[in-house]
Amino acid sequence: MPFIAKTRQGGMRLSIQDYEQVDALGKDDIVCPFCDGTMFIRGGDRTAYRRHFAHRIECGADWLPEEYASGLETAEHLSGKEWLKMNFRHMIADEFVTGTTAEYEIIINVPAYAGVPAHKRITDVMVTFPNGRQIALECQLASITPETLEERTNDYQRAGIDVRWVLGKTADRDQNRRWCDEHFGVCYSFDFSYVSQSAPATRRIATPNDVRHFESEVASYSPV
Ligand SMILES: [Zn+2]
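By convention here, each chain's residues receive numbers from 1 onward along its written sequence. Predicted model: local features are reported for residues with pLDDT of at least 70 only, side-chain atom pairs are reported and counted for 80 or more only, and whole-chain, interface and lining totals are derived from all residues.

S.K.: Quick one: what's the story with the sheet that holds strand S1 (residues 4-7), residue by residue and with numbers?
M.R.: The three strands are arranged S2-S1-S3 in an open sheet whose pairing can be described as antiparallel. Looking at which strands have only one partner, the edges of the open sheet turn out to be strand S2 (13-15) and strand S3 (30-31). As paired strands, S1 and S2 are joined by three bridges and run antiparallel to one another. What sits directly across from Ala5, in S2, is Leu14. DSSP calls a pair of strands paired once it identifies at least 2 bridges connecting them. Under the DSSP-based scheme used, a helix requires at least four consecutive residues in state H or I and a strand at least two consecutive residues in state E, with every element numbered from the N terminus.

Listed below in structure tokens is the structure:
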């Protein structure tokens, strides 16, 4: 959630973009994959929000991050996630091979390491290659420090998963750009400032020696 739910009967995974399948279900047939609470469809059409699943009450899964539990994921974050799923090939550059998939909101089990207890994370978008290799694509818009970026990156790596951060809004700061550039040789950012309807454009920023340099625009967003 909010782009993933499941059927009450049979527990089948549902993506919000499986329009026919989702719209054929009754109003009590869609439930949260984590707490089994009833969900409904919100947003879409002429609203500022991407169409998504929402709880009728708060999520009952107590390990979820606050923005998931409260249903307060922002329109920008929903939009950024959708962009990442639609354009994941931009994010994995020339590594794409036939059969590579991208899916919303996959749960990661992080094993205990170095004093950190075992815990779970939810990826925004998970890219899976046919050989099993995985890359998490993360749209980071809320304020964050390089230390926390590093902690979360370590979590993914302990779970055997690579990660690509796309910074935006208050997370798109020089220190975070520099951290991404030092770790990955590149930094990506979403720019919400000049497009309407909370739809981001993304650009590849920073070359290894100059994080302030805007290298090129990767792509522009086109709504579904
Ligand atoms: Zn829930």
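S.K.: Any chance you could break down helix H5 (residues 146-158) for me, citing the residues and the numbers?
M.R.: Each full turn of the α-helix corresponds to 3.6 residues, which orients residues three or four apart in the same direction. A helix is expected to span 1.5 Å multiplied by its residue count minus one. Between its terminal C-alpha atoms H5 stretches 18 Å, which fits the 18 Å expected from 13 residues at 1.5 Å a residue. Three exposure classes are used, all based on how many other C-beta atoms lie within 10 Å of a residue's own C-beta (placed from the backbone): buried at 20 or more, exposed at 12 or fewer, and partly exposed between those limits. Regarding H5, the residues found buried are Leu149, Thr153 and Asp155. An end-on view of H5 places all buried positions within 150° of arc, on one side of the element. Residues Glu147, Glu150 and Glu151 are exposed on H5 and point more than 90 degrees away from its buried face. Any pair of residues counts as being in contact when their C-beta atoms, constructed from backbone geometry, are within 7 Å of one another. Tucked inside the fold, the buried residues of H5 contact strand S7 (107-110), strand S8 (119-122), strand S11 (162-167) and helix H6 (174-184). At the exit of H5 stands Gly160, carrying a positive phi of roughly 80°. Arc, as used here, means the arc of the directions from the helix axis to the C-beta atoms.

S.K.: Summarise unusual backbone geometry; cite the residues concerned and give the values.
M.R.: Here the phi dihedral of Asp36 falls at roughly 65°; this positive angle occurs in a residue that is not glycine. Position of Asp36 relative to the elements: it lies in the loop between S3 and strand S4 (39-42). Among the residues examined, Asp36 registers 13 C-beta atoms within 10 Å and is labelled partly exposed. For Glu105, which is not a glycine, the phi torsion comes out positive at approximately 55°. Residue placement: Glu105 occurs in the loop between strand S6 (101-104) and S7. For Glu105, a count of 21 C-beta atoms within 10 Å gives the class buried.

S.K.: Explain the nonpolar core residue by residue, including any values.
M.R.: Grouped together as the largest cluster of nonpolar side chains are 35 residues, with contacts concentrated most on Ala5, Leu84, Val125, Leu137, Trp165 and Val166. Counting residues per element, the ones that place at least two in this core are S1, helix H3 (75-86), helix H4 (88-91), strand S9 (125-128), strand S10 (134-140), S11, H6 and strand S12 (187-191). Mapping this core onto the domain boundaries places at least three of its residues in each of domain 1 (1-73) and domain 2 (74-224). Contacts of Leu84, omitting those with residues within four sequence positions, involve Met91, Asp124, Val125, Leu137, Cys139 and Val166. Nonpolar core, as used here: buried Ala, Val, Leu, Ile, Met, Phe, Trp, Tyr and Cys residues forming one set through C-beta atoms within 7 Å. The domain boundaries here were taken from an automatic or database domain assignment.

Everything listed here is a matter of geometry and, on its own, says nothing about what the molecule does.
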